[in-house]
Amino acid sequence: MVSGTDGPVAAHPVGRVGVVGLGLVGGSLARLLAERGVDVVATDVAPATREAARAAGLTVADDLAGLCAARPDVVVLAVPLRAVRATASALRDLLAAAGCWDPTVTDVGSVKGQVRAAMTDAGLGERYVGGHPMAGTEHSGFEASSRGLLDGAPWAVTVAAPVHGTGDTAGGTDPRRLAQVLGLITGPLEGTAAVLTDDRHDESAALVSHVPHVLATQLLNAVAGAPVRDVALGLAAGSFRDGTRVARTDPARTEAMVAANAAWVAPALRKVVRDLELVVAALETNAPLHGFFHAADDVREGGNAPVAAVDQVPLEGDWPAVLLERCAAGGVVRHVTAAAAEVTFPRAR
Ligand SMILES: O=C(O)C(=O)C[C@]1(C(=O)O)C=C[C@@H](O)C=C1
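Thresholds applied
- Residues numbered from 1 in each chain as written.
- Predicted model: local features only at pLDDT ≥ 70, side-chain atom pairs only at ≥ 80, totals over all residues.
- Heavy atoms only, no water.
- UniProt positions renumbered as here; feature names shortened; annotations may be inferred.
- Helix = DSSP H or I, 4+ residues; strand = E, 2+ residues; numbered from the N terminus.
- Rg over C-alpha atoms; globule rule 2.2 N^0.38 Å.
- Buried < 20%, exposed > 50% of the residue type's maximum accessible area, 1.4 Å probe, protein only.
- Contact = heavy atoms within 4.5 Å.
- Polar contact = N/O pair within 3.5 Å; in protein donor to acceptor, adjacent residues only side chain to side chain.
- Near = heavy atom within 4 Å.
- Areas by Shrake-Rupley, 256 points an atom, 1.4 Å probe, with all protein chains shown as cover.
- Core = buried A, V, L, I, M, F, W, Y, C linked by side-chain atoms within 4.5 Å.
- Axes fitted to C-alpha atoms, helices over the stretch in contact; angles between N-to-C directions.
- Parallel < 35°, antiparallel > 145°, perpendicular 65-115°, else oblique.
- Nonpolar A, V, L, I, M, F, W, Y, C, P; charged D, E, K, R; others polar.
- Salt bridge = Lys/Arg side-chain N within 4 Å of Asp/Glu carboxyl O.
- Arc of directions from axis to C-beta.
- Phe/Tyr/Trp six-rings, centres within 6.5 Å; stacked < 30°, edge-to-face > 60°.

With an unreviewed UniProt entry as reference, the protein chain is termed Prephenate dehydrogenase, source organism Isoptericola cucumis. Its UniProt record gives the protein chain the following Sequence similarities (unreviewed entry) comment, quoted word for word: "Belongs to the prephenate/arogenate dehydrogenase family."

### A short note on the overall build of the protein chain
A count of helical and extended segments in the protein chain gives 14 helices and ten strands. For 349 residues, the compact-globule estimate of 2.2 N^0.38 gives 20 Å, and the C-alpha radius of gyration of the protein chain, at 22 Å, lies within 12% of that figure. Oriented by its inertia axes, the alpha-carbon framework of the protein chain measures out at about 70 × 50 × 35 Å. Buried positions account for 44% of the 349 residues belonging to the protein chain. Counted over contacts in the protein chain with a minimum sequence separation of 6, partners at least 24 positions apart contribute 73%.

### Describing the side chain of Glu138
The topology assignment puts Glu138 in the loop between β5 (130-133) and β6 (154-159). By relative accessible area, which is 16% here, Glu138 ends up buried. A polar contact is formed between the side chain of Glu138 and the side chain of Arg245, at a distance of 2.7 Å. For Glu138, the residues in contact, after removing those within four places along its chain, are Arg245, Arg248, Thr249 and Asp250.

### Some details on the site of the ligand
Every residue close to the ligand is listed here: Ser110, His132, Pro133, Ala135, Gly136, Thr137, Glu138, Ser209, His213, Arg245 and Val246. Within the contact set of the ligand, an oxygen atom lies 2.5 Å away from a side-chain nitrogen or oxygen of His132. Residue Arg245 places a side-chain N or O atom 2.8 Å away from an oxygen atom belonging to the ligand. Expressed as a share of its isolated accessible area of 370 Å², the protein-covered part of the ligand is 81%.

### Some details on the nonpolar core
Core analysis: the biggest nonpolar cluster contains 51 residues, and Val17, Leu182 and Leu323 have the highest contact counts within it. Dropping the residues within four chain positions of it, Leu323 is found in contact with Leu182, Val195, Val313, Val333, Ala341 and Val343.

### Some words on the environment of Gly21
With respect to the element layout, Gly21 can be found in the loop between β1 (17-20) and α1 (24-35). The class for Gly21 is buried, based on a relative accessible area of 9%. C-alpha of Gly21 to C-alpha of Ala206: the two residues are 185 residues apart in sequence and 24 Å apart in space. Aside from chain neighbours lying at most four places away, what touches Gly21 is Gly26, Gly27, Thr43, Asp44, Ala78 and Val79.

### Quick look at the packing of helix α6 (residues 175-186) against helix α14 (residues 319-328)
Between α6 and α14, the least distance of the axes is 10 Å, while the angle of their chain directions is 50 degrees. Accordingly, the angle class assigned to the pair α6 and α14 is oblique. Facing Pro175, Leu178, Ala179 and Leu182 of α6, the residues of α14 in contact are Trp319, Pro320 and Leu323. Residues that form the contact of α6 with α14 fall into these classes: seven nonpolar, no polar and no charged.

### As for the pattern of salt bridges
Under the criterion given, the structure shown has 21 salt bridges. Between Asp275 and Lys271 there is a salt bridge, and its shortest N-O distance comes to 2.7 Å. Of this pair, Asp275 and Lys271 both sit in helix α11 (residues 262-285), separated by four residues, roughly a single helical turn. Taking relative accessible area as the criterion, Lys271 reaches 42% and is therefore assigned partly exposed. Salt bridges linked by common partners bring Glu35, Arg36, Arg147, Asp151 and Glu190 together as one network.

### Looking at helix α10 (residues 251-260)
Those residues of α10 lying buried are Thr254, Met257, Val258 and Ala260. Buried residues in α10, looked at end-on, bunch into an arc of 165 degrees, giving them a common side. Residues Pro251 and Glu255 are exposed on α10 and point more than 90 degrees away from its buried face. Where the residues of α10 are buried, they touch α5 (113-121), α7 (198-224) and α11. Measuring from the side-chain oxygen of the N-cap residue of α10 to the backbone nitrogen of Ala252 gives 3.1 Å; that N-cap residue is Asp250.

### Brief notes about the packing of aromatic side chains
A complete count under the given rule lists one aromatic pair for this structure. For the pair Phe292 and Phe293, a centre-to-centre distance of 5.1 Å together with 85 degrees between the ring planes defines the contact as edge-to-face.

Structural data, given as structure tokens:
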């Protein structure tokens, strides 16, 4: 239930964290948590990855059952998107067999609507709080992971939206579990969290992550198919390097990410195509392009805006809905106590 808590919620303690999947993000998460003194147990399907993680000093179970035997308070699914469904079902079965164990389940996936559907279908919907660290690199695997990748990273945390005005909040996110995940991110991970609905996350991630991956790939494809390809690549400098960096990500990973968010990526790309058509038309007719190059001046200049306002949101009543509303206005949760969440805003409101 998202609403309906009368007093401050007693957040589940972070306690032990289980990390399922030790790729770039899972490995980075496990390393950072372990360094910060959190009790972490991790696992991965690949024996060589488990060995590498053990050699790096992590506590590693041989499989998901072994991880569940350690009864972590929070289970973070850090598996590829294509493996979320099967992993969620396996976790559900292990939970059912385990008796009184009540973990919160979260994840690190770059798409949230599809992941929640998988969690709900697996019967884990009421335990689930969506998680997405906005950090990564073009490299993959445990060997590419580092304690620094997620240190202080901004996260999106998604909740099942309450149904306003009907008094019916069934199926919404459990506030204690939300507080627990926010505590993990803003505590040992020293990050920030924007609390969002899955839709708002997926729409936003399409704009700032998925469309950029498509465009970076197209920049690469355009040169690859040009008659002057080799000369051009020999001349490529900063703009090409920066603009195509994420196109060097494992193509299967990028494809899965973009396809999983097709509902938001397709319309966002349509808008890009329309805007580019206008640029082409202007270039072909010598029309001015000033508007195109200056349209986003406020975004460009607002890049690293300092904190302009701070709100304390008491963790009582319909506080997840209050956080949703604050974060929809650009706020992020920076700090959580048992009684309140501190939300900061980059722009004056
Ligand atoms: O920096 C990169 O290499 C990334 O691709 C990181 C990036 C992104 O910014 O798009 C990619 C996917 C993640 O889910 C979050 C962040």
